[in-house]
Amino acid sequence: MAGDAEPGRVGLRYLAVAYQVRKVLDGHMVSSGLSLARSKVLGILDREGSLRQTSLAHELGLAQRSVTQAVESLARDGLVERTPDPDDGRAKLVTMTGEGAAALAASTDAGELMLQRIFGSLSQKQLAQLDKLLGVVDSATVAAIVDP
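**Q** Break down the overall build of the chain for me, citing the residues and quoting the values.
**A** Per the secondary structure count, the chain includes six helices and three strands. Across the chain, helices and strands are ordered from the amino to the carboxyl terminus as α-α-β-α-α-β-β-α-α. Over its C-alpha trace the chain gives a radius of gyration of 19 Å, far above what one expects of a compact globule, namely 15 Å for 148 residues. With respect to the principal axes defined by its C-alpha atoms, the chain has extents near 60 × 35 × 20 Å. Residue burial in the chain is summarised as follows: out of 148 residues, 24% are buried. Of the contacts formed within the chain by residues at least 6 apart in sequence, a portion of 45% connects residues at least 24 apart. Once the 16 positive and 18 negative side-chain charges of the chain are each reduced to a mean point, those two points are 6 Å apart.

**Q** Now, about the sheet that holds strand 3 (residues 88-96): what can you tell me, with residues and values included?
**A** Taken together, three strands build an open sheet; the order of strands is 1-3-2 and the sheet is antiparallel. What marks the edges here is a single partner per strand, and that holds for strand 1 (51-52) and strand 2 (80-85). In this sheet, strand 3 lies alongside strand 2 in antiparallel orientation, the contact comprising six bridges. Each bridged residue has a counterpart across the sheet, and for P84 the counterpart in strand 3 is K92. Helix-sheet contacts for helix 2 (residues 36-48) involve strand 1, strand 2 and strand 3, and the interaxial angle to strand 3 is about 100°. Helix 4 (residues 64-76) rests against strand 2 and strand 3 of the sheet, and its axis sits at about 115° to strand 2.

**Q** Residues and numbers for the side chain of S39, please.
**A** You can see S39 is positioned in helix 2. By relative accessible area, which is 7% here, S39 ends up buried. Contacts of S39, omitting those with residues within four sequence positions, involve M29, L34, L104 and S107.

**Q** Before we move on, could you go through helix 2 and cite the residues and values that matter?
**A** Helix length check: helix 2 (13 residues) gives 18 Å between terminal C-alpha atoms against 18 Å at 1.5 Å per residue, within 8%. Those residues of helix 2 that sit buried are L36, S39, V41, L42, I44 and L45. Of the residues flanking the end of helix 2, it is G49, one or two places downstream, whose phi is positive at about 85°.

**Q** Outline the pairing of strand 3, supporting the account with residue identities and numerical values.
**A** Examined bridge by bridge, strand 1 and strand 3 share two bridges and lie antiparallel to one another. In the strand pairing of strand 3, R52 is matched with L93. The antiparallel pairing of strand 2 with strand 3 creates a hairpin that spans two residues between the two strands.

**Q** Outline a nonpolar patch on the surface, supporting the account with residue identities and numerical values.
**A** Among the surface-exposed residues, L12, Y14, L15 and L134 lie close enough to one another that they form a single nonpolar patch of about 410 Å² accessible area. The element that contributes the greatest number of residues to the nonpolar patch is helix 1 (residues 7-31), accounting for three residues. Along the chain, L12 turns up in helix 1.

**Q** Can you tell me about the packing of helix 2 against helix 3 (residues 53-60), naming the residues and giving the values?
**A** Their axes nearest at 10 Å, the elements helix 2 and helix 3 cross at an angle of 115°. The orientation of helix 2 with respect to helix 3, classified from their angle, is roughly perpendicular. Once helix 2 is placed against helix 3, the crossing between them reads as right-handed. Where helix 2 approaches helix 3, its residues K40, V41, I44, L45 and R47 are matched on the opposing element by L56, E59 and L60.

Rules behind the numbers
- Residues numbered from 1 in each chain as written.
- Predicted model: local features only at pLDDT ≥ 70, side-chain atom pairs only at ≥ 80, totals over all residues.
- Heavy atoms only, no water.
- Helix = DSSP H or I, 4+ residues; strand = E, 2+ residues; numbered from the N terminus.
- Rg over C-alpha atoms; globule rule 2.2 N^0.38 Å.
- Buried < 20%, exposed > 50% of the residue type's maximum accessible area, 1.4 Å probe, protein only.
- Contact = heavy atoms within 4.5 Å.
- Lys, Arg positive; Asp, Glu negative; His and termini not counted.
- Charge placed at Lys NZ, Arg CZ, Asp CG, Glu CD.
- Pairing = 2+ DSSP bridges.
- Axes fitted to C-alpha atoms, helices over the stretch in contact; angles between N-to-C directions.
- Expected span 1.5 Å × (residues − 1).
- Patch = residues over 30% accessible without salt bridge, like charges linked within 9 Å, V, L, I, M, F, W, Y side chains within 5 Å.
- Areas by Shrake-Rupley, 256 points an atom, 1.4 Å probe, with all protein chains shown as cover.
- Salt bridge = Lys/Arg side-chain N within 4 Å of Asp/Glu carboxyl O.
- Parallel < 35°, antiparallel > 145°, perpendicular 65-115°, else oblique.
- Left-handed = near helix turned anticlockwise from the far one by under 90°.

Keep in mind that these numbers describe shape and distance, not what the molecule does.
Printed below as a string of structure tokens:
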């Protein structure tokens, strides 16, 4: 059905499949203790170490208010701690706790298993083709951002 493969329809199908993969992935990660969104916050802290909330918001590409709410929730659960920034007492540094590191590891493992299950259904050739096609779509997306 090559005639059905027009960009708009395929683009919408891609978005629907990406949403479904994300939903399934998030569900399995939540069952291990952390949502995908909370895992992203902890993943950045794991990679970067202690960060100001403003820097964390920048890394995540989110509004400061959204990050403040996420950090407050993670702090209530003992996964991060907030301490005054020694360079600026008005700012807070966010640091992942040992409990946060353990939760991140469990969540990451659950996510990896689900991605293996989903994308492992493809042959090596199909996986390589998909990877190549996603690279083309990614490049076109970057080009559309730069030159709308």
